[in-house]
Amino acid sequence: MRNYIIRRILFIIPILIGITFISFLLINLNTSDPAEVALRVNEITPTDEAVAAMREELGLDKPFFERYIIWLGNSLRFDFGNSYINNKSVSDEMLSALPATLYLAAIALMMILGISIVAGILCAIFEDSIGDKTIRGIIFVGTAMPNFWVGLLLMWLFAVKLDMFPTSGMSGFSSVILPAATLSLSYISIYTRLIRNNMVQNKNENYVLYTRVRGLKNWTVTKHIFRNSIQSSITALGMSIPKLIAGTVIVENIFAWPGIGRLCVSAIFNRDYPIIQAYIVMMALLFVVCNLIVDIISASLDPRIRRTT
Amino acid sequence: MHILKKIKSDKLAGACLFFLVTIILLGVIAPVVAPNDPVETNIREKLSGISLQYPFGTDQLGRCIFSRLLYGIRTTVLMSIWTMLMTISIGTILGFVAGYFRGWIDEIIMRLCDVMLSFPSEVMILAIVGMLGPGLGNIIIANIIAKWAWYTRMIRSIVVQYMDKNYICFAKVVGSSPFHIMKNHLLPGALGEIVVLASLDTGAVILSVSALSFLGLGVQAPTPEWGMMLNEAKNIMITHPTKMLPPGIAILAVVAAFNFIGDKVRDIMDPKHMDRRVKNNEFAESGESICS
């Protein structure tokens, strides 16, 4: 087991180097000169001297690989330079926006867990009933609904028409409900379906027959089935958490939620490359770490995985 | 193409297929069927309701929503299908090369795929659009870069299965060129499975393209695109909430149809559901492979 964990952690290093290199390369492939962009957003006319001075200030006059190494070294210390727009430290900007995103993702995760477990169990118990079919219909539509449209519809119904929640911004608990609901909808569809199908499959197993023969209560039997069906959902959920955090981009923009997704999109419009780079590196780190944790958990549960990878 | 026949035999899947073909045709002949110019503004007629001249009413600039929807098929649906074709082509070429030659080239391509796949495609797309700047072309490039690795890996695994087959070994022995073997012996067999892969994911590409356009990162005004139409409808949500419906329903219907067909195709291809296919495979593998 220890060997597996060590090997798995070592495997992260080339991946992180690859991702940082690609993100660094892409910026440098860009046709617009970062020095010119930095001047333009500060409303300085980009004369040749000004561009040259800016290039020196941003360290753009050095060769490509040297710049990459310097940048990589700085990002290891969580220093992503300063924003082109307001000259504030990028890591400060990111860290001040991160809690809002994590809060939104956490509430969405709770909604996903609560609703999909209840709906999944109910669907499996009452398999092929009208209720099951209705929920499956909703699930099917839910996976095809663009979540930005869902967000708009929810906003119109609950914020404009019924005036139950604020339309946008972050102000108290009521403001998080609509964004979190929008964010969680497609995941609820996925997990309800996963839990339902696994439970339905498990229903025909011998151990279920045995518990029934023993005359256990229906509820106890369901509990047994549920515990055996949840394994694959846990693994999938581990992979969903970084996706959930990454998926906040659209929701944050609809509901004007002050998180990192909104920060990143406004940085794209402003061509504020340090923020975009920092966002990518942060997301990559998050994804790789979550991946690692999921792999280690599933390896500790199932010895077969340890040998194959 | 027995897959197509099976889809047609399923009523709902057949209806979805018919719906999608109709939508694609409407997109192609949009200039003929659209009642109005999709980008022509007419402030006097702005936000008007349903009428004979404007079947779905007009938007905040007095443009015909129905015509914009029809032209939007071109940007939203046709561009997504095209993106899918490009991604699949790259995946097929690299997957074939990796699966056929193996060795160091396989190793390089697969490790590259590992790096690409260790990153969620949503973030990858956003990152690439962030680097290249907003625009439809950049969205397409971003989608291709973010997804090719997955297809390369899937198609490679398909190719590897075929490499042990006797007829491939025979073709190698008689000295056919690798290109000839890939084109005439590997491609016809693998094509069916490649089509399945493509059909499974087109809905997701449509959602991704329209979501980015909704954020303003994709198609630039005044080109009609469903995601962007929703973004424009968002600004007039309080006064005219019904303007959100046509583009939203359009995306929903097309994506649902693609997903449904994708699910059906997967069911058909799934060995559990395919008795005939299982028999064929057993038949093909009854003689022991002379390779390896």
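Residues numbered from 1 in each chain as written. Chains lettered and ligands numbered in written order. Predicted model: local features only at pLDDT ≥ 70, side-chain atom pairs only at ≥ 80, totals over all residues.

Q: Lay out the overall build of chain A in plain terms, naming residues and giving numbers.
A: Of the regular secondary structure elements, chain A holds 15 helices and zero strands. For the C-alpha atoms alone, the extent of chain A along its principal axes is close to 85 × 60 × 30 Å. When burial is assessed residue by residue, chain A has 35% of its 309 residues classed as buried. Look at the contacts in chain A between residues 6 or more apart in sequence, and 70% of them connect residues 24 or more apart. (Helix = DSSP H or I, 4+ residues; strand = E, 2+ residues; numbered from the N terminus. Buried ≥ 20, exposed ≤ 12 C-beta atoms within 10 Å, placed from the backbone. Contact = placed C-beta atoms within 7 Å.)

Q: Residue-level account of helix H8 (residues 174-203) of chain A, with values.
A: If you look at H8(A), its biggest bend is around 40°, right at A:Ser184. By the criterion of burial, H8(A) is predominantly enclosed, with 21 of the 30 residues buried. (Bend = angle between axes of the 7 residues up to and from the residue.)

Q: Could you give an account of the interface of chain B and chain A, with specific residues and numbers?
A: Counting residues at the interface gives 34 residues for chain B and 36 residues for chain A. Sorting the residues of the side of chain B that touches chain A by element identifies helix H6 (121-132), helix H9 (178-214), helix H10 (226-235) and helix H11 (245-269) of chain B as the ones contributing at least two each. Considering every element that reaches the side of chain B that touches chain A, the biggest residue donor is H6(B), with nine residues. In terms of residue class, the side of chain B that touches chain A is made up of 25 nonpolar, seven polar and two charged. (Nonpolar A, V, L, I, M, F, W, Y, C, P; charged D, E, K, R; others polar.)

Q: Break down the domain arrangement of chain A for me, citing the residues and quoting the values.
A: Here chain A is partitioned into domain 1 (1-83) and domain 2 (96-271). In this structure, domain 1 of chain A and domain 2 of chain A have C-alpha centres spaced 36 Å apart. (Domains from an automatic or database assignment.)

Q: Explain the UniProt feature "domain: ABC transmembrane type-1" (unreviewed entry) in chain B residue by residue, including any values.
A: Taken from the UniProt record, the annotation "domain: ABC transmembrane type-1" (unreviewed entry) applies to residues 73-262 of chain B. Segment residues 73-262 of chain B splits into 83% helix and 0% strand. End C-alpha atoms: 20 Å apart. (UniProt positions renumbered as here; feature names shortened; annotations may be inferred.)

Q: Mind laying out the environment of A:Phe80, listing which residues take part and the relevant values?
A: Residue and element names in this part refer to chain A. Within the secondary structure, Phe80 sits in the loop between helix H4 (64-76) and helix H5 (90-125). Its 24 C-beta neighbours within 10 Å are what place Phe80 among the buried residues. Sequence-wise, Phe80 and Ile276 are 196 residues apart; in three dimensions their C-alpha atoms are separated by 10.0 Å. Those residues within four positions of Phe80 in sequence are excluded, and the remaining contacts are Ser75, Val90, Ser91, Pro274, Gln277 and Ala278.

Q: I'd like to hear about the UniProt feature "transmembrane region" (unreviewed entry) in chain B, residue by residue, with values.
A: Residue and element names in this part refer to chain B. Under the UniProt annotation, "transmembrane region" (unreviewed entry) lies at residues 12-34, 77-102, 123-145, 194-219 and 244-262. Each end of residues 77-102 is marked by a C-alpha atom, and these two atoms are 36 Å apart; helix forms 96% of the span and strand 0%. Within residues 123-145, the helical portion is 87% and the strand portion 0%, while the C-alpha atoms at the span's ends are 12 Å from each other.

Q: Please set out the environment of B:Val195 residue by residue, giving values where relevant.
A: Here B:Val195 shows up in helix H9. Overall, the presence of 16 C-beta atoms within 10 Å leaves B:Val195 in the partly exposed class.

Q: Give me the lowdown on the UniProt feature "transmembrane region" (unreviewed entry) in chain A, citing residues and values where you can.
A: Residues and elements named next belong to chain A. The UniProt record marks residues 9-29, 102-126, 138-159, 171-190, 244-269 and 275-297 with the feature "transmembrane region" (unreviewed entry), using the residue numbering of this structure. For residues 171-190, the helix share is 85%, the strand share is 0%, and the end-to-end C-alpha distance is 30 Å. Within residues 244-269, the helical portion is 77% and the strand portion 0%, while the C-alpha atoms at the span's ends are 23 Å from each other.

Q: Requested: an account of the UniProt feature "domain: ABC transmembrane type-1" (unreviewed entry) in chain A, with residues and values cited.
A: Cross-referencing UniProt, the feature "domain: ABC transmembrane type-1" (unreviewed entry) maps to residues 98-298 of chain A in the present numbering. What you have in residues 98-298 of chain A is 84% helix and 0% strand, and the ends, taken at the C-alpha atoms, are 28 Å apart.

Q: I'd love a proper account of the nonpolar core, names of residues and values included.
A: If you look at the biggest cluster of nonpolar residues, it comprises 139 residues, and the most contacted ones within it are A:Cys264, A:Ile276, A:Tyr279, B:Ile128, B:Val129, B:Ile206 and B:Leu230. At 14 residues, helix H4 (residues 65-101) of chain B tops the list of elements feeding residues into this core. Counting only domains with at least three residues in this core, you end up with domain 1 (1-83) and domain 2 (96-271) of chain A. Setting aside its immediate chain neighbours within four residues, B:Leu230 contacts A:Phe148, A:Trp149, A:Leu152, B:Phe214, B:Met244, B:Pro247 and B:Gly248. (Core = buried A, V, L, I, M, F, W, Y, C linked by C-beta atoms within 7 Å.)

Q: So what's going on with the packing of helix H11 (residues 231-246) of chain A against helix H14 (residues 273-301) of chain A? Residues and values would help.
A: Residues and elements named next belong to chain A. Two elements in contact, H11 and H14, have axes separated by 9 Å at closest approach and are oriented at 170°. As the angle between them shows, H11 and H14 are arranged roughly antiparallel. For the pair formed by H11 and H14, the contact residues are Thr235, Gly238, Met239, Ile241, Pro242, Ile245 and Ala246 on the first element and Met283, Leu286, Phe287, Cys290, Ile293, Val294 and Ser298 on the second. Residues belonging to the contact of H11 with H14 are distributed by class as follows: eleven nonpolar, three polar and no charged. (Axes fitted to C-alpha atoms, helices over the stretch in contact; angles between N-to-C directions. Parallel < 35°, antiparallel > 145°, perpendicular 65-115°, else oblique.)

Q: So what's going on with the confidence of the model for chain A? Residues and values would help.
A: Averaged over all residues, the pLDDT of chain A is 81; the fraction at 70 or higher stands at 94%. Between the elements of chain A, mean pLDDT differs from a low of 63, seen in helix H15 (residues 303-308) of chain A, to a high of 89, seen in H5(A). (pLDDT = per-residue confidence, 0-100.)

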